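Coordinate inspection notes
Each chain, letter by letter, is given below.
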Amino acid sequence: MNIDTTPTRMQAVQSPIIPIVAELIRQHPGTISLGQEVVSYGPPPEAIAQISQFLSDPENHKYRSVQGMPPLLKQIETKLKRENRIELDNRRQVVVTAGSNMGFLNAVLAITNPGDEIILQTPYYFNHEMAVTIAGCRLVLVATDDNYQLRPEAIQQAITERTRAVVTISPNNPTGVVYPEADLRQVNELCRTHGIYHIHDEAYEYFIYGDAHHVSAAALPDSSNHTISLYSLSKAYGFASWRIGYMVIPAHLLTSVMKIQDTNVICPPVVSQYAALGALQAGVAYCQERLGAIAEIRQLMLHELNQIKEFCTIPPTSGAFYFFLKVHTDQTSMQLVERLIQEYRVAVIPGSTFGIETGCYLRVGYGALQRETATVGIGRLVNGLKSILK
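The structure reproduced in this document is the subject of the present report. (Residues numbered from 1 in each chain as written. Predicted model: local features only at pLDDT ≥ 70, side-chain atom pairs only at ≥ 80, totals over all residues. Heavy atoms only, no water.)

**Remarks on the nonpolar core**
Soluble globular proteins tend to bury their nonpolar side chains together. Stated precisely, the cut-off is as follows: For our purposes a nonpolar core is just a set of buried Ala, Val, Leu, Ile, Met, Phe, Trp, Tyr and Cys residues, chained together by side-chain atoms within 4.5 Å. Each residue's exposure class comes from its accessible area (1.4 Å probe, protein chains only) as a fraction of the maximum for that residue type: buried when under 20%, exposed when over 50%, partly exposed otherwise. The criterion used for residue contact is that any of the two residues' heavy atoms lie within 4.5 Å.
One finds Leu34, Phe207, Leu233, Tyr237, Leu305, Leu340 and Leu381 to be the most contacted residues of the largest nonpolar core, which totals 104 residues. Non-local contacts of Phe207, meaning those with residues more than four positions away in its chain, are made with Val39, Tyr41, Pro171, Lys235, Ala236, Cys287, Leu291, Ile294, Ser318, Gly319, Ala320 and Phe321.

Have a look at this one:
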């Protein structure tokens, strides 16, 4: 192999789509992005106040615990018990991570050998697919139903002797759906019966609308030995760039996860851990106070999208801050994204990056914009789709 030849393993990893779309936006000034995965508001004052506490102790500029600061671990334990109904005991451990993406990669590396299989639901979150491929594992894709809900029977049929985990995300990125407790319970029981892990991503746990109810898989009965739960503070507390989250894992995985984390990052950024401590002290109320504004933008966008039902299908959603549209066209999703940016100055994310091989799908996000900008953006999207597809 020539030294400048990319190894086959990395050739199989898709290029991150967000920088690609960002470059198209840069080339077309004035484009409004409906593709971002963040909220419009910033962190709570309690998080900012903790930065002074961090700076007051010179020891904080040195390495700290690989697992996370004890005060933060204690605060997370309280939150998990109060909000998620997850009791921490000798069967479970919490590890603070530099975001939930790191938590996912930690989990995959800790439970697999190269060549093992990980089951993802399609459409999947693209960074999950990338992590599985980087780890040298084989993706097994199971399609969700027409409303992007789980198909437990299909998941069961996909399990083989090489399967190591089933991955679920609820509330879901990219579709915005919330999985019912009965379906998550069925998947979790499948994993327990087959002796494999259930990796459940809960990054959008607070972003719930209407009568939907968020369920933590690790709160289900008999789940402690095989359930890995991933959490992020980026969405709810408005500091995505600070890279801080945590994972709840079976205790028997702690040694492996600590080895991986020590190699990769040594310790989660201590300054961000201080901010996380302040954010958790502010609590879920901080997000809930702002959720109403996001819900209003959601309804505004849904109203506008319903005007173009002849051009696209809009499955019902009740979580996160996304719609995942099925567009009735022979164009590829990337071709449509490029035209929308170039001709109508509005950006969305192509469905192809989420593992949809056939058809044209677009992920439309609404969490990152103020109402006025969102109104203009969705107007451009609706007008663009009408003009392109008529």
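**Some remarks on the state of the cysteines**
Operational definition: Note on terminology: disulfide denotes any pair of cysteine sulfur atoms within 2.5 Å.
Following the criterion strictly, the structure yields zero disulfides and no others. As a non-bridged cysteine, Cys137 has Cys191 as the owner of its nearest cysteine sulfur, 15 Å distant. On the basis of relative accessibility, which here comes to 10%, the residue Cys137 falls in the buried class.

**Observations regarding unusual backbone geometry**
Our working rule: Each helix corresponds to a stretch of at least 4 residues labelled H or I by DSSP, and each strand to a stretch of at least 2 residues labelled E; elements are numbered beginning at the N terminus.
Backbone torsion omega between Thr122 and Pro123 reads 0 degrees, so that peptide bond is classified as cis. The linkage connecting Asn173 with the following residue, Pro174, adopts the cis geometry, with an omega of 25 degrees. On the secondary structure map, Pro174 appears in the loop between β5 (163–169) and α8 (181–194). With phi around 55 degrees, Asp222 is a residue other than glycine that occupies positive phi space. Looking at the element boundaries, Asp222 is found in the loop between β6 (197–201) and β7 (227–232). Overall, the relative accessible area of 63% leaves Asp222 in the exposed class. In this structure, Arg243 is a non-glycine residue whose phi angle is positive, near 55 degrees. Looking at the secondary structure, you find Arg243 in the loop between α9 (234–237) and β8 (245–250).

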